[in-house]
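Structural description and commentary
Given next are the chains, with one letter for each unit.
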Amino acid sequence: MQLPYFFEENIPTSGNFFLSEVSSKHIAQVLRMKEGEELNIINGKGDLLTTSVVIANKRKTEVTIKNWKAYSKSNQKISVAISPIKNNNRFEWFLEKATEIGVSEIIPVICNRTEKNSMKVERMHNIIVSAMLQSRQAWMPELKETVQFPEIIKSAGYEQKFIAHCNDSEKKTLKGFDTGNFSRIILIGPEGDFTENEINAAGQNNFIPVSLGETRLRTETAGIVAAVLLMNKF
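Residues numbered from 1 in each chain as written. Predicted model: local features only at pLDDT ≥ 70, side-chain atom pairs only at ≥ 80, totals over all residues. Heavy atoms only, no water.

Below, the discussion takes up the pattern of salt bridges. One pass over the full model with this rule turns up 10 salt bridges. Residue Glu96 is joined to Lys97 by a salt bridge in which the shortest nitrogen-to-oxygen separation is 3.0 Å. A residue is classified by how much of its surface remains accessible, and Glu96, at 31% relative accessible area, is partly exposed. For Lys97, a relative accessible area of 24% gives the class partly exposed. (Salt bridge = Lys/Arg side-chain N within 4 Å of Asp/Glu carboxyl O. Buried < 20%, exposed > 50% of the residue type's maximum accessible area, 1.4 Å probe, protein only.)

Structure, rendered in structure tokens:
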């Protein structure tokens, strides 16, 4: 039987410590765990602790560390810069699936045709944490602050930069693109797609225009397809 997983942002590597009230309540009231029962704790930064319950309390559960393991960060840096969309449920689905796939960064980007400019950052963070726990990963994607399109296309530090759009202009096929272990970012536009000016501006900043396939995809679907292709998981 697999041990339950919990998220704690700040954790030691030895000794006893107390869990957050959120984790404590789930342990004591939902799982009804008892003294001596084991659980795993991750911090989203590569650390995995196997612990056992010392005191199960709905506000302040105490655990003791039995084993600590550090997981190396993947040498694949995949960043998806994606426009928010009106339907919160669909965008939250993207956050969940992108986390499960294992992307490195998620960057909400405001484009000319973006219809939703405000994001509930805490809720987005909680969805990502939940998806990380469900998929049992040690590393959590970094959720970047929302940026404007002119700012994101000037981003430095990425070895390969792509923009996926539906314009009829010439595009490379992302599937089969030689991605290697480069750091990569891909831009995914809003429901009305990028404007021609945005596409041209991205090209002037060394973003390669790419196609994600033969069909026209929703924004959130395009984000997932792009992540899968860039991580060579297709």
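The subject of this paragraph is the nonpolar core. General note: in soluble globular proteins, nonpolar side chains tend to be found buried as a group. If you look at the biggest cluster of nonpolar residues, it comprises 30 residues, and the most contacted ones within it are Phe94, Leu174, Ile186, Ile188 and Leu212. The set of elements that each furnish at least two residues to this core consists of strand E6 (78-82), helix H2 (88-101), helix H3 (121-135), strand E10 (160-164), strand E12 (184-188) and helix H6 (219-230). Here the element with the most residues in this core is H6; it accounts for 7 residues. Apart from the residues lying within four places of it in its own chain, the contact partners of Leu212 are Ala164, Leu174, Ile186, Ile188, Leu217, Ala222, Val225, Ala226 and Leu229. (Core = buried A, V, L, I, M, F, W, Y, C linked by side-chain atoms within 4.5 Å. Helix = DSSP H or I, 4+ residues; strand = E, 2+ residues; numbered from the N terminus. Contact = heavy atoms within 4.5 Å.)

A positive phi angle, close to 50°, is found at Arg32, a residue other than glycine. With respect to the helices and strands, Arg32 occurs in the loop between helix H1 (21-30) and strand E3 (38-42). A residue is classified by how much of its surface remains accessible, and Arg32, at 59% relative accessible area, is exposed. Even without being a glycine, Asp193 presents a positive backbone phi close to 70°. Tracing the backbone through its elements, the reader meets Asp193 in the loop between E12 and helix H5 (196-204).

On to the packing of H2 against H3. Packing of H2 against H3 brings their axes to within 8 Å, and their N-to-C directions diverge by 40°. With respect to their mutual orientation, H2 and H3 come out oblique. Relative to H3, H2 is oriented so that their crossing is right-handed. Packed against H2, whose contacting residues are Phe91, Glu92, Leu95, Glu96, Thr99 and Glu100, the element H3 presents Arg123, Met124, Ile127, Ile128, Ala131, Met132, Gln134 and Ser135 at the interface. Tallied by class, the residues present in the contact of H2 with H3 amount to 7 nonpolar, 3 polar and 4 charged. (Axes fitted to C-alpha atoms, helices over the stretch in contact; angles between N-to-C directions. Parallel < 35°, antiparallel > 145°, perpendicular 65-115°, else oblique. Left-handed = near helix turned anticlockwise from the far one by under 90°. Nonpolar A, V, L, I, M, F, W, Y, C, P; charged D, E, K, R; others polar.)

Once that is clear, we can look at the confidence of the model for the protein chain. Averaged over all residues, the pLDDT of the protein chain equals 92, while 97% of them reach at least 70. The element-level mean pLDDT for the protein chain is lowest in strand E11 (residues 172-173), coming to 84, with E3 highest at 97. (pLDDT = per-residue confidence, 0-100.)

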